[in-house]
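# Structural overview for review
Next come the chains, spelled out residue by residue.
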Amino acid sequence: MAEKKFNLRCLLSLLDDPDERAIQPVMTELLAHEDELDPDIIAEYLEQGNPLMEKRIDQLISTINRRQDRRDFLLRTEDPEVDFFELLIDLHMLWFDTDLREDVQQTVDKFLESARANTFSSLEDIADWMTASGLSAEQDTTLTPELYCIGNVLNSGRGAASLLTAIACLLFPENSGMQMGKVLNDFAICDLNGDILIPARTWQIFPAEELPVFTPWNARKIAHLASANLFSAAVNSDSLRYVFTLAQAVTGLDDDSILQALPYPYNGAEPESRAAQK
């Protein structure tokens, strides 16, 4: 163990190299040993008063924390005690992973503070407030990942219908009897009278008798849908980094084996038909 710690010390000591290209393999090796990084040893290097060293160690710790967040995401979506808005921040950070979580949290907190200054007791109440807040629901898609990123949604006013349906429903008191769900292809909120609010139809309200059967959903199911659509958006983007990041989140795994379940080129194996053409 002493030899292993000595090697890690050597790697840490290389982090003040100004050459970014030289740092990449060092970071890769340190991340491969993240479970063995002793906080006391890291603190020693942080206390050296070397700004470049501090910056690189901050980057290292930030990367480790993001990886852990991705590993934990699937478990958090299964936990009924987890706050839905925390899951939305998690989703935002999966896509915009260079954003500061504190900034996204502030945006969400400001929105919730404004919402909680009101009392919502009817579909009309929430429809009027969401409209006045400039929030527009768009049909769910795998082509526009920003619609699932809560910081971007609240700043731009454009969000996926599934997300804004869940958000609007959760702004009601728990004893309101409001339910989130779907009517055919539309996400909707149903009240105790059976009337339906459909955010993607400009927050219109429809009497129960005008629409087909309402199918209840819950917030965790919507979080699963959002993460799956973000993963599909990553595949569409043809970015290995995004694909790997979202694959970690939706599977809970943390090694290259998660890519083996994906098609070419992510699994590294050419299809037989492609190989036969060569």
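For the structure, check the block above.
All of these numbers come straight from a predicted model, not from anything done at the bench.

Our next topic: the pairing of strand 4 (residues 186-190). For a regular strand, the rule is simple: side chains alternate between the two faces of the sheet. With respect to burial, strand 4 is a largely interior element, 5 of its 5 residues being buried. Side chains of strand 4 alternate between two faces, with D186, A188 and C190 and F187 and I189 buried alike. Across 2 bridges, the pairing between strand 4 and strand 5 (residues 196-198) is antiparallel. The residue bridging I189 from the neighbouring strand is L197, located in strand 5. Linking strand 4 to strand 5, which pair antiparallel, is a turn of 5 residues; within it G194 sits at a positive phi near 90°.

Membership of the largest hydrophobic core comes to 56 residues, with the highest contact counts inside it found for M130, I167 and L171. When residues of this core are traced back to their parent elements, those giving at least two are helix 5 (84-95), helix 6 (101-115), helix 7 (123-132), helix 8 (150-156), helix 9 (161-170), strand 4 and helix 10 (219-237). When neighbours within four sequence positions are excluded, M130 is seen to be in contact with L135, L164, I167, A168, L171 and W203. Counting 17 residues, the second largest nonpolar core, distinct from the first, contains L8, L12, I23 and L60.

Our next topic: the sheet that holds strand 5. Spatially, 5 strands are ordered 6-5-4-3-7 in an open sheet, and the strand pairing comes out antiparallel. Taken across any chain shown, the strands that pair with only one partner, and hence form the sheet edges, are strand 6 (204-206) and strand 7 (215-216). When strand 3 (residues 179-183) meets strand 7, the two strands line up antiparallel, connected through 2 bridges. Within the sheet, the bridge partner assigned to K182 lies in strand 7 and is T215. Strands in contact with helix 9 are strand 3 and strand 4; relative to strand 4, the strand with the most contacts, it is inclined by about 10°.

Within the secondary structure, K182 sits in strand 3. Here K182 is buried and forms no salt bridge, its nearest opposite-charge partner D140 lying at an N-O distance of 7.1 Å.

The residue T202 is not glycine, and still its phi comes out positive at about 50°. Residue class for T202 comes out exposed when judged on its relative accessible area of 62%. At W203, a residue that is not glycine, the phi angle is positive and equals roughly 60°.

So, on to the packing of aromatic side chains. The full count for this structure, using the stated rule, is 5 aromatic pairs. Relative to W217, the ring of F187 has its centre 5.0 Å away and its plane inclined at 85°; by these criteria the two rings are edge-to-face. Within this pair, whereas F187 is found in strand 4, its partner W217 is found in the loop between strand 7 and helix 10, the two being separated by 30 residues in sequence. For the residue pair F187 and W217, the accessibility class agrees, reading buried in each case. Above the face of the F206 ring, R201 is positioned so that its terminal group lies 5.4 Å from the ring centre. In this structure, K221 is placed above the aromatic ring of W217, and the distance from its NZ or CZ to the ring centre is 4.3 Å.

Its place among the elements puts T77 in helix 4 (residues 51-78). Along the chain, T77 and I222 lie 145 residues apart, while their C-alpha atoms are 9.6 Å from each other. Each residue touching T77, except ones within four places of it in the same chain, is listed here: L87, R220, A223 and H224.

Moving on, we come to the layout of surface pockets. By volume, the largest pocket amounts to about 600 Å³. Lining of the largest pocket is provided by 22 residues; of these, F84, L170, E174, M180 and A219 occupy positions nearest its centre. When contributions to the lining of the largest pocket are tallied by element, the ones reaching two or more residues are helix 5, helix 9, strand 3 and helix 10. Of all the elements, helix 5 adds the most residues to the lining of the largest pocket, at 3 residues.

Conventions used here
- Once a new chain begins, its residue numbering starts again from 1 and follows that chain's sequence as written.
- At least 70 in pLDDT is required for a residue's local features to be given in this predicted model, at least 80 for side-chain atom pairs to be given and counted, and no such filter applies to totals for whole chains, interfaces and linings, which use all residues.
- Note that the side-chain values use all heavy atoms of the structure and ignore hydrogens as well as water.
- Here the term buried applies to any residue with accessible area under 20% of the maximum for its type, exposed to any over 50%, and partly exposed to those in between, with areas from a 1.4 Å probe on protein chains only.
- Where helices and strands are cited, they refer to DSSP runs of H or I of at least four residues and of E of at least two residues respectively, numbered from the N terminus.
- Any two strands between which DSSP finds at least two bridges are classified as paired.
- Residues belong to a common nonpolar core when they are buried Ala, Val, Leu, Ile, Met, Phe, Trp, Tyr or Cys residues joined through side-chain atoms within 4.5 Å.
- Pairs of residues are marked as contacts when any of their non-hydrogen atoms sit within 4.5 Å.
- The axes are straight lines fitted to the C-alpha atoms, using for helices just the contacting stretch, and the angles between their N-to-C directions are given from 0 to 180°.
- When charges are counted, Lys and Arg contribute as positive and Asp and Glu as negative, whereas His and the chain ends are disregarded.
- The salt bridge definition used is simple: a Lys or Arg side-chain nitrogen within 4 Å of an Asp or Glu carboxyl oxygen.
- Each aromatic pair joins two rings of Phe, Tyr and Trp (for Trp, the six-membered one) with centres within 6.5 Å, and gets the label stacked for planes under 30 degrees apart, edge-to-face for over 60, and tilted for any other angle.
- Over a ring means this: the NZ of a Lys or the CZ of an Arg is within 6 Å of the ring centre and within 35 degrees of the ring normal.
- Detection works on a 1 Å grid of protein atoms alone, calling trapped sets that fit a 1.4 Å probe cavities and calling open sets with protein on both sides within 12 Å along at least five of seven lines pockets, with lining residues defined by an atom within 4 Å of a point.
- Grid points are joined across faces, edges and corners, and a volume is the space filled by probe spheres set on the points.

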